[in-house]
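Descriptive structure summary
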Amino acid sequence: MSDILQKLKEIADGKVDAFLLVVQEDGVSLPQLIPIDEMDQIDHKELSDLRYPLVKIVEEIQERFPNARIGLLVRGCEYRALIELSKYSQINLDKLVLVGRACERNTVEKCACLYPYPYGLENVVGEENPGIEADPKLVEIEGLDVSEKLRYWASQFEKCIKCYGCRNICPLCYCKECSLENPGLVVPGEVPPTLPAFHFLRALDMAGRCVECGLCEEVCPAGIPLRSLYRALNKIMEDQFGYKPGHNLDERSPFIFLGETSDVEHLI
Amino acid sequence: MNKEGTAEKKDEREEIKILAFLCNWCSYAGADLAGVSRLQYPAKVLDVRVMCTGTVSPYFIIKAFQEGIDGVLVAGCHIGDCHYLKGNYMTAKRMRFLKEALNVFGIEKERLRLEWVSAAEGEKFASVIRDFTEQIKALGPSPLRKDREEVAKV
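Presented here is a report on the structure given in the accompanying data block. Since this is a predicted model, take the numbers as computed values, not measurements.

Definitions and limits used
Residues numbered from 1 in each chain as written. Chains lettered and ligands numbered in written order. Predicted model: local features only at pLDDT ≥ 70, side-chain atom pairs only at ≥ 80, totals over all residues. Heavy atoms only, no water. Helix = DSSP H or I, 4+ residues; strand = E, 2+ residues; numbered from the N terminus. Rg over C-alpha atoms; globule rule 2.2 N^0.38 Å. Buried < 20%, exposed > 50% of the residue type's maximum accessible area, 1.4 Å probe, protein only. Contact = heavy atoms within 4.5 Å. Areas by Shrake-Rupley, 256 points an atom, 1.4 Å probe, with all protein chains shown as cover. Lys, Arg positive; Asp, Glu negative; His and termini not counted. Charge placed at Lys NZ, Arg CZ, Asp CG, Glu CD. Buried area = accessible area lost by both parts, 1.4 Å probe. Salt bridge = Lys/Arg side-chain N within 4 Å of Asp/Glu carboxyl O. Polar contact = N/O pair within 3.5 Å; in protein donor to acceptor, adjacent residues only side chain to side chain. Disulfide = S-S within 2.5 Å. Patch = residues over 30% accessible without salt bridge, like charges linked within 9 Å, V, L, I, M, F, W, Y side chains within 5 Å. Phe/Tyr/Trp six-rings, centres within 6.5 Å; stacked < 30°, edge-to-face > 60°. Lys NZ or Arg CZ within 6 Å of the ring centre and 35° of its normal.

1. Points about the overall build of chain A
Helices and strands together make up the secondary structure of chain A, namely 11 helices and six strands. For 268 residues, the compact-globule estimate of 2.2 N^0.38 gives 18 Å, and the C-alpha radius of gyration of chain A, at 20 Å, lies within 12% of that figure. By principal-axis analysis of the C-alpha atoms, chain A measures approximately 60 × 50 × 40 Å. For chain A, the residues scored as buried account for 54% of the 268 residues in total. Partitioning the contacts of chain A with sequence separation of at least 6, the portion at a separation of at least 24 is 67%. Carbon and sulfur atoms make up 48% of the accessible area of chain A, which totals about 12700 Å². Side-chain charges of chain A comprise 29 positive and 44 negative groups, with the mean position of each set lying 2 Å from the other.

Structure (structure tokens):
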């Protein structure tokens, strides 16, 4: 692990004010902000393998200290989240020094990840592992017919305890006012939430934004296959508008600009 | 099927509710023209007048289904005729996406319809409503209707 940190140190030397890392201390993985003058400490740190919503912390740091330069280790999903957030002006990529980290095979399989590599990043540590070809859960859902799908989702969402964990951990959920807390849309105090509000509202918001990191699914205490739902919607985005969130810095989601007549002509 | 069975079925079918989001500048005027011209169309349509169909959020449509609406019609100005120049571009993109999304959720995509109806097209408005009502009747009541407990019974 230490060679990854060494590489980060080399690349970021003189370009950053602090490092933000998830480190392991006494068997507990925690995020730590290490200022540059305490850089020697890094040599003694043990890097954690845990996937942690670091991007959310970066958002918060940049909001409070817009000029802080931060060094970060990013996985494929985190890099996509940073790209997507910069399109919504929530992250300033110029102030970040990024070193990529290829995910190991077992992580790829555990996450059922399609793109486990920070494509497009200059400095990446580790070897590229191919992503899985298709999300098995999504394939299963796609095989159902319309009424079976509704029954499937109903049985899944019935388990929801409305902890809002999926929203809280999502790197792309940055809104100060959340539609899921709007009493007109989601009835307060109702558990499980009535179909189709809550999950479908959130799913619609994730379309064209979700970078498929899967933290929502990982954190969900009820084990609802949220990522497969968001993946299904992302697939529609790709089929209809050719847009894949987080893959290209220059493309924006079709839902954040009006566009020209040629953009909508084929839709009519 | 006996006589009672047919009657019951008819009752259920008559309950069909359709929500129509009409844009203030074109489709609402089109609906008005249909009314003034004494054109016949089914009365089970609830009109909601919006300034532009671009303001119709997917939230509204999901909420409509949650409240027991069987079909949602969104009608606005033709592309290029929008009072706000490009408001309906967003509608075109959103509705196209939302139809497929409804399919993923397990709601038939035919329950959502997007039409362009101008202020002069009273006849088109009436025929769209007639056609859409027939389509929804054929599909039957929405599976999410509160009075239908099927979904809850999983």
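2. Focus: the interface of chain B and chain A
With 29 residues of chain B at the contact, the number on the chain A side is 40 residues. Across the interface of chain B and chain A, roughly 3300 Å² is buried in total on both sides, 73% from carbon and sulfur atoms. Applying the counting criterion to the chain B and chain A interface returns one salt bridge. Here Lys86 of chain B and Glu260 of chain A are joined by a salt bridge, their closest N and O atoms 3.2 Å apart. Here chain B and chain A share 11 residue pairs in polar contact (both at pLDDT 80 or more) between them. Broken down by secondary-structure element, the contributors of at least two residues to the side of chain B that touches chain A are helix H3 (58-66) and helix H4 (87-105) of chain B. Broken down by element, the residue count for the side of chain B that touches chain A peaks at 13 residues, all from H4 of chain B.

3. Here's the deal with the side chain of Asn129 of chain A
Residues and elements named next belong to chain A. On the secondary structure map, Asn129 appears in the loop between strand E6 (124-125) and helix H5 (136-142). On the basis of relative accessible area, Asn129 is assigned to the buried category, the value being 16%. A polar contact is formed between the side chain of Asn129 and the backbone oxygen of Cys103, at a distance of 2.8 Å. Ignoring sequence-local partners within four residues, the contact set of Asn129 consists of Cys103, Glu104, Arg105, Val108 and Pro116.

4. As for the side chain of Gln240 of chain A
Residue position: Gln240 of chain A is located in helix H10 (residues 226-241). Residues contacting Gln240 of chain A, with those up to four places away along its chain left out, are His266 of chain A together with Arg96, Phe97 and Glu100 of chain B.

5. Considerations on the state of the cysteines
Tallying each qualifying case throughout the model produces one disulfide over all chains. Across a sulfur-sulfur distance of 2.4 Å, Cys26 of chain B and Cys77 of chain B are joined as a disulfide pair. Because the torsion about its S-S bond is 100°, the bridge between Cys26 of chain B and Cys77 of chain B counts as right-handed. Residue Cys26 of chain B is found in the loop between strand E1 (18-23) and helix H2 (27-36), and its partner Cys77 of chain B is found in the loop between strand E3 (71-76) and H4; the two are separated by 51 residues along the sequence. Overall, Cys26 of chain B belongs to the buried group, its relative accessible area being 9%. Accessibility expressed as a relative area gives 3% for Cys77 of chain B, which makes it buried. Cys163 of chain A provides the cysteine sulfur closest to Cys166 of chain A, a residue in no disulfide bond, and the two sulfurs are 6.4 Å apart. By relative accessible area, Cys166 of chain A is classed as buried at 8%.

6. Examining a nonpolar patch on the surface
Residues and elements named next belong to chain B. A surface patch of nonpolar side chains, about 300 Å² in accessible area, is lined by Trp25, Met51 and Tyr84. With respect to the helices, strands and loops of the structure, Tyr84 is situated in the loop between E3 and H4. Tyr84 sits in the partly exposed class, given a relative accessible area of 37%.

7. Quick look at the packing of aromatic side chains
Applying the stated criterion across every chain yields a total of 12 aromatic pairs over all chains. Summarising the aromatic geometry, the rings of Trp153 of chain A and Phe157 of chain A are spaced 5.6 Å apart at their centres and angled 15° between planes, so their arrangement reads as stacked. Of this pair, Trp153 of chain A and Phe157 of chain A both sit in helix H6 (residues 146-157), four residues apart, which is roughly one turn of the helix. Residue Trp153 of chain A is classed as buried on the basis of its relative accessible area of 1%. For Phe157 of chain A, a relative accessible area of 4% translates into the label buried. Ring centres of Tyr41 of chain B and Phe125 of chain B lie 5.5 Å apart, and the angle between their planes is 85°; this geometry places the pair in the edge-to-face category. In this pair, Tyr41 of chain B sits in the loop between H2 and strand E2 (45-50) while Phe125 of chain B sits in helix H5 (residues 122-139), placing the two residues 84 residues apart along the sequence. By relative accessible area, Phe125 of chain B is classed as buried at 1%. Taken together through their ring pairs, the aromatic side chains of Tyr152, Trp153, Phe157 and Phe200 of chain A together with Phe105 of chain B make up a single cluster. Over the aromatic face of Tyr88 of chain A sits the side chain of Arg209 of chain A, whose NZ or CZ is 5.2 Å from the ring centroid. Looking at Arg49 of chain B, its charged tip hangs above the ring of Tyr28 of chain B, at a distance of 4.2 Å from the centre.

8. Here's the deal with the pattern of salt bridges
Counted according to the given criterion, the structure contains 21 salt bridges over all chains. The salt bridge partner of Arg64 of chain A is Glu60 of chain A, with a shortest N-O separation of 3.1 Å. In this pair, Arg64 of chain A and Glu60 of chain A are both assigned in helix H2 (residues 54-64), four residues apart and thus about one turn of the helix distant. Residue classification places Arg64 of chain A among the exposed positions, given a relative accessible area of 59%. Two residues, Arg130 of chain B and Glu123 of chain B, come together in a salt bridge whose shortest N-O distance is 3.2 Å. Residue classification places Arg130 of chain B among the partly exposed residues on the basis of a relative accessible area of 33%.

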